[in-house]
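Examining the three-dimensional arrangement
Each chain is listed here by its residues.
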Amino acid sequence: MSYRRPPQFDIDFETLPPDPAERHEELVDVFGRYLFWLRNWSVSATQELAESEEARAKLGTIWRKKYDELAALTPEQRGIAFEIAEASVDRFIQLFLTMMADMGTDQRLGRDHAIRFNLEMEICDVENGEVVDQETINRGGKKFFANYWGRWLNQFARE
């Protein structure tokens, strides 16, 4: 699996919108772009492992078995498997985002408590590591956090 560079942004910290709601939306999209970078890397790595004996040789025996079986399929069958793999990754991400967005009490911890998750984005100075800004990404947006999926899919799916 070859290394993929993280996404590069054409915005600077200083040019983020001063309006808190606009700034939040911009940072939510930064998160979405990173999420799609990981998604696309995962899907392409599966394809690379299926198509490259050399890539599979770098895996341990237990990990390699599934990819050897995938490589043995016909090109048409592998194409279907890749589509299913992408759909599975997409569904996992959608469910994960829904879990992260939950503000209710469905995610129970015993009878009297519930679990909620906060996704914090920190922006830090690259020279000294100091955190210069922090934003809770999965709360306070224009829409339910998991509903950003469609926008990100349209914007970042093929980057």
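Small disclaimer: the values here were computed from a predicted structure and weren't measured. (Residues numbered from 1 in each chain as written. Predicted model: local features only at pLDDT ≥ 70, side-chain atom pairs only at ≥ 80, totals over all residues. Heavy atoms only, no water.)

1. Remarks on the packing of aromatic side chains
Evaluated as defined, the whole model comprises 10 aromatic pairs. With centroids separated by 5.9 Å and ring planes inclined at 20°, the aromatic side chains of Tyr-148 and Trp-152 adopt a geometry described as stacked. Among the aromatic residues, those joined into a ring-pair cluster are Phe-9, Tyr-34, Trp-37 and Trp-41. A cation over a ring is seen here: Lys-143 above Tyr-148, with NZ or CZ 5.5 Å from the ring centre. (Phe/Tyr/Trp six-rings, centres within 6.5 Å; stacked < 30°, edge-to-face > 60°. Lys NZ or Arg CZ within 6 Å of the ring centre and 35° of its normal.)

2. Things to note about the packing of helix H1 (residues 20-51) against helix H4 (residues 75-101)
Axis separation between H1 and H4 bottoms out at 10 Å; the angle between their running directions is 150°. Judged by the angle between their axes, H1 and H4 are roughly antiparallel. The handedness of the crossing between H1 and H4 comes out as right-handed. Mapping the contact onto sequence places Phe-31, Leu-35, Arg-39, Ser-42, Val-43, Thr-46, Gln-47, Ala-50 and Glu-51 in H1 and Arg-78, Phe-82, Glu-86, Val-89, Asp-90, Ile-93 and Leu-97 in H4. Looking at the contact of H1 with H4 residue by residue, the class counts come to eight nonpolar, three polar and five charged. (Axes fitted to C-alpha atoms, helices over the stretch in contact; angles between N-to-C directions. Helix = DSSP H or I, 4+ residues; strand = E, 2+ residues; numbered from the N terminus. Parallel < 35°, antiparallel > 145°, perpendicular 65-115°, else oblique. Left-handed = near helix turned anticlockwise from the far one by under 90°. Contact = heavy atoms within 4.5 Å. Nonpolar A, V, L, I, M, F, W, Y, C, P; charged D, E, K, R; others polar.)

3. Digging into the environment of Val-30
One can find Val-30 in helix H1. Along the backbone, Val-30 and Trp-152 are 122 residues apart, and their C-alpha atoms lie at a distance of 9.8 Å. Once you skip the residues sitting within four places of it in the chain, Val-30 turns out to touch Phe-9, Ile-11 and Met-121.

4. Considering the pairing of strand S3 (residues 120-124)
Moving residue by residue along a regular strand, the side chains alternate between the two faces of the sheet. Across the two faces of S3 the burial differs, with Met-121 and Ile-123 buried and Glu-120, Glu-122 and Cys-124 not buried at all. Both S3 and strand S4 (residues 131-136) contribute to a ladder of five bridges, which runs antiparallel. Bridge pairing in S4 places Ile-123 opposite Asp-133. The turn linking S3 back onto S4 is made up of six residues, and Gly-129 within it adopts a positive phi angle of 75°. (Buried < 20%, exposed > 50% of the residue type's maximum accessible area, 1.4 Å probe, protein only. Pairing = 2+ DSSP bridges.)

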